[in-house]
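Understanding the architecture of this molecule
Spelled out, the chains give:
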Amino acid sequence: MNDLYDRTAPNRWSLTGVLRKIHLDALLLLGLLTLLGVGLIILYSAGDQSMALMVRQLTRMAAAFLVLLILSNIHPDRMRDASYWLYGAGLILLVFVLAFGHEGKGAQRWLDLGFFRFQPSELMKLAVPLLVASYLAERPLAPSVFRLIVGLVMIIVPALLIAKQPDLGTSLLIASSGLIVIFLSGISWRIIIGFVTVCASALPVLWHVMHDYQRQRVLTFLNPEKDPLGAGYHIIQSKIAIGSGGLFGRGWLEGTQSHLAFLPERSTDFIFAVIAEEFGLLGVGLLLVLYLLVAGRGVYIASQAQTSFARLLAGSISMTFLVYVFVNVGMVTGLLPVVGVPLPLVSYGGTSMVTLLAGFGILMSIHTHRRMMSP
Amino acid sequence: MSNRFALKDHFRESQLINDRLIFAALFAGLLFLIVMVRLSVLQVVEHEHFNSLADRNRVDIGPLPPQRGLIYDRNGVILAENIPAFTLEITPENVPDIERTLQELADLFSMSEEEVIDIKERIKQQRGFRQFVFRQRLTEKEVAVFSVNRHRFPGVDVVGRLIRHYPQGALFAHTVGYVGRINERDQKRINAQNYKGTQQIGKTGVERYYEDLLHGHVGYRQVETNVQGRVVRELHNVPPTSGSDLFLHLDVNLQRVAAEALGDFNGAIVALEPKTGGVVAMVSKPDFDPNLFVSGISIKDYAVLRDSLDRPLFNRSLRGHYPPGSTLKPFVGLAGLELGVVNTQTKSFCPGWFSLPGQDHRYRCWKSHGHGKVDLKTSIAQSCDVYFYDLANTLGIDPLHDFLDIFGFGKLTGVDVPSESKGLSPSSEWKRTTRNQAWYPGETVISGIGQGFNQTTPIQLAQATATLAMRGVNIRPQVARATRNNGESELQLFDTKKSDALAMEDSKNWEIVIDSMVEVVHGKRGTARHVGKNLPFKMAGKTGTAQVFGIKQDEKYDADTLAKKLHDHALFIAFAPADDPEIVIAVVVENGGGGSRTAAPIARSIIDQYFGLIENE
């Protein structure tokens, strides 16, 4: 099916033809629009049918799409050229935010630029895989041990800065986006297994440097019933909401747990529980399939990319997207600790939406800037 | 292509990356499979369980605040209890328009604009608490008025709660203290989890010191509520653990006698049992009604207490700084004996004044025509100043300071009531470090009679006297005697903390000083001889008169012409029986004039009450 427009000149007046002109990928676009639409429907219910909330979310979507469109029209090679600059700027901003940042909910993440507030960590979500991919692809793959170490440093420095804000969730996501690039670049399995072993044995050290509230979250995760009034409240309520949804759910706008305000953060981090309560196992199953399809299209784009840089980058963006979904759903269902990661493209909130669609803009750019010839 | 090697390796590289992509995709698929399994477990296998929790039911988890422990005196008389009262509480989550609700409630109870602002401020402070107390101790009429209008106020309810009550009123205001609303400062010292649902916290006195014991541990319950958030059914209940009860050494009768004996004077009284350190009476006057603070004192009432020149909120027994005056003399005398500067045979001549060699400044004795030839015993009994001027001068300030240190002068006693002051026992080093000044010999002279820089608190004076009475065993004053955990019948006694007896060079020194103090009360010319009559045992004591106002060289102290604020403080320390002490008393009467006239009779009435001697008179 893809061959239709990949290898042959598209009909200039067909929809795909027009999209192709402005460097958009039809299938990926369809998947994204479906996800965003589903998100709006859920948000209408989770946000107590507030039109104001919907309007704000729609505005953000529009802004995010603009960013997607701009990025998809930039040639991947230009992105590679800019990767060092972006990364450097991101690092400086991160240091800046630690020094002068605006505090919100007990963490320093924001830079207040007057007209809008900006999270440098969001920039790093793209800058890190961009830089690691461009750096590793400079030389033949698989990378040498030296290049591997340099790559790891590129990942660890921003991850530590962000963990210090403190924002453990974002820090781990950024680290994983970089590590996925390294994994895709073909380092030997022996190194991977060794790395995993070292990480596992580093867990006690990590425990030692964690903030109290983070330890609290981990402990609560292991035994939520221990603290039913405080930290465990989220997970207990979330599980009740999900479990009560059953196979087919209570129906749209019918969720009792979410509407009676038992479920905290129900329009942001815990929106998945609303979906599960109102649409049941069937609904969340379909949603997860939709996520897999979108990511699958991304993986396909990666496999068809023309340079190793583009392959690595596209692969990382697609897989990181799935990591987002997994971390959020794992958290809401009580599989993972509560780390505060939104459900991509569905949760209410602006910054992550822009970053995610920017990532998909990069994917589209990679796919639509291929030269019309077989590699 | 900018990559120099890309062409050469391109095919192999694509192959490599694609292999990894496939692996990653499979791994992702596996993770999603796990998620699906988890969801199936929650939504299919355990569906019934969660559904019963959620279906129709709207499960809510609410805290159950523990009941605060009671406080008893030594006879089992209640000093702090919990009485039921109706409070009007708001659950902000369930209130659609909080601004309007507050305004309408204020109209309903005809509250002033000021009070409304105050309440809004408190709502901000108490963010994170589920319930908020709008008004405490509703009258029956107010309850009725609200009930009629209840439909207008979703999220607002009249709740029956237990609130703290102090049946003895002002009598224990300073010692037992009071509880009050939890404010921002309190939130920093508590475990917020454990105080969910708790409205009050110990603010002062024993209530504060033993907060952890008295408070207990929060419980919680899962309830089913209807759409308005009102409770329909209880699902799960973990009851709270009530706070432990406290049993104090304090004795209501003794406390009352002491407070009455002090009368309208400002001042403080501490009476304790030297063998255990148990504080049986602790009075600070003026006092106030602690019940005012329990439900939030009104701005007006608080201003009256705060701005009063007599400072009723100030706990004089622990924080009042007073020159010990002549009550320091027994300790200075003991220092003289112990350090070998004087013995029982040493005599001084008192012409009514003392001068340092080579200076003409006259340090006067209270008896202007002098005591004549005096030894240690007569100097204590008749409170001769000249003898102690001389003695202090010979000792030197630093040896004197080091000796007084053992008795706790200038140090915290460690009593179990918070916010005690340290007092001041001066030394040359203290003056150098705090004032950057040299120590003058004249300052040593007046230190000998407890004037000058010397400052002590009544509790400190009592502790030092107890150490003397016990011949060198230093005890920590202790207000609480025992605690009883919730549901248990056995009391758990608090440890008494005492030092080993101080080793004196000559243990006879104790008896010399104590005999002199007995002489104060029972001697023919003792300064407190009028309180020594009709006692079945010997009582030891020492009067003191502390200057508030410096008198110039050639002036005379004349109470009649001086304003009352500038009258001398009257002090008295005592213990009885002298050979086997059961009780130690320290009395400070602000502007009371002379220690023998005002302070000593107060101590006597406490002793009469303590030993049940009243009928004998």
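Throughout, a residue's number is its position along its own chain's written sequence, starting from 1. In the order they appear in the text, chains get letters beginning with A and ligands get numbers beginning with 1. At least 70 in pLDDT is required for a residue's local features to be given in this predicted model, at least 80 for side-chain atom pairs to be given and counted, and no such filter applies to totals for whole chains, interfaces and linings, which use all residues.

1. Some thoughts on the overall build of chain B
- Secondary structure follows DSSP: runs of H or I at least 4 residues long count as helices, runs of E at least 2 residues long count as strands, and numbering of each begins at the N terminus. What chain B contains, in helices and strands, is 21 helices and 21 strands.
- Each residue is represented by a C-beta atom placed from its backbone, and any two residues with such atoms within 7 Å are regarded as in contact. Relative to all contacts within chain B whose residues are 6 or more apart in sequence, the contacts with residues 24 or more apart total 74%.

2. Quick notes on the sheet that holds strand S21 (residues 583-589) of chain B
Residues and elements named next belong to chain B.
- Here 5 strands make up an open sheet; going across it, the order is S12-S11-S21-S20-S19 and the pairing antiparallel. The open sheet has two free edges, formed respectively by strand S12 (278-285) and strand S19 (540-546), since each of these has just one partner strand. For this sheet the average axis-to-axis angle between neighbouring strands, irrespective of direction, equals 5°.
- By the convention used here, strands pair only if DSSP detects at least 2 bridges between them. Summarising the sheet, strand S11 (residues 267-273) and S21 pair through 6 bridges and their orientation is antiparallel. Of the residues in S21, the one forming a bridge with Ile269 is Val587.
- In this description, a line fitted to the C-alpha atoms serves as the axis of each element, helices being fitted only across the stretch in contact, and the angle between N-to-C directions of two axes falls anywhere from 0 to 180 degrees. Strand contacts of helix H9 (residues 252-262): S11, S12 and S21, with the helix running at about 30° to S12, the strand carrying the most contacts.
- Most of the contacts of helix H21 (residues 595-610) go to strand S20 (residues 569-576), to which it runs at about 35°, and overall it touches S11, S12, S19, S20 and S21.

3. A short note on the confidence of the model for chain B
Residue and element names in this part refer to chain B.
- One number per residue, pLDDT, summarises how confident the predictor is, and it ranges from 0 to 100. Residues at a pLDDT of 70 or more form 91% of chain B, whose mean pLDDT is 86.
- Note that pLDDT drops below 50 for residues 1-8; the model gives that stretch 9 contacts with residues more than four away or on any other chain.
- Both confidence scores are given for the complex: pTM 0.61, ipTM 0.87.

4. Side note on H9 of chain B
Residue and element names in this part refer to chain B.
- Restricting attention to buried positions, one finds in H9 the residues Val252, Leu254, Gln255, Val257, Ala258, Ala261 and Leu262.
- The elements touched by buried residues of H9 are S11, S12, S21 and H21.
- Of the residues flanking the end of H9, it is Gly263, one or two places downstream, whose phi is positive at about 60°. With C-beta atoms placed from the backbone, the exposure class of a residue follows from how many other C-beta atoms lie within 10 Å of its own: 20 or more, buried; 12 or fewer, exposed; in between, partly exposed.

5. Overview of the nonpolar core
- Each nonpolar core comprises buried Ala, Val, Leu, Ile, Met, Phe, Trp, Tyr and Cys residues, the members being joined through C-beta atoms within 7 Å. One finds Ala271, Val587, Ala603 and Ile606 of chain B to be the most contacted residues of the largest nonpolar core, which totals 122 residues.
- Looking at which domains feed residues into this core, each of domain 2 (61-248) and domain 3 (252-616) of chain B gives three or more.
- Each residue touching Val587 of chain B, except ones within four places of it in the same chain, is listed here: Ile269, Leu571, Phe572, Ala599, Ile602 and Ala603 of chain B.
- The next biggest cluster of nonpolar side chains, apart from the first, holds 112 residues, and it includes Ala46, Ala163, Ala276 and Tyr324 of chain A. The domain boundaries here were taken from an automatic or database domain assignment.

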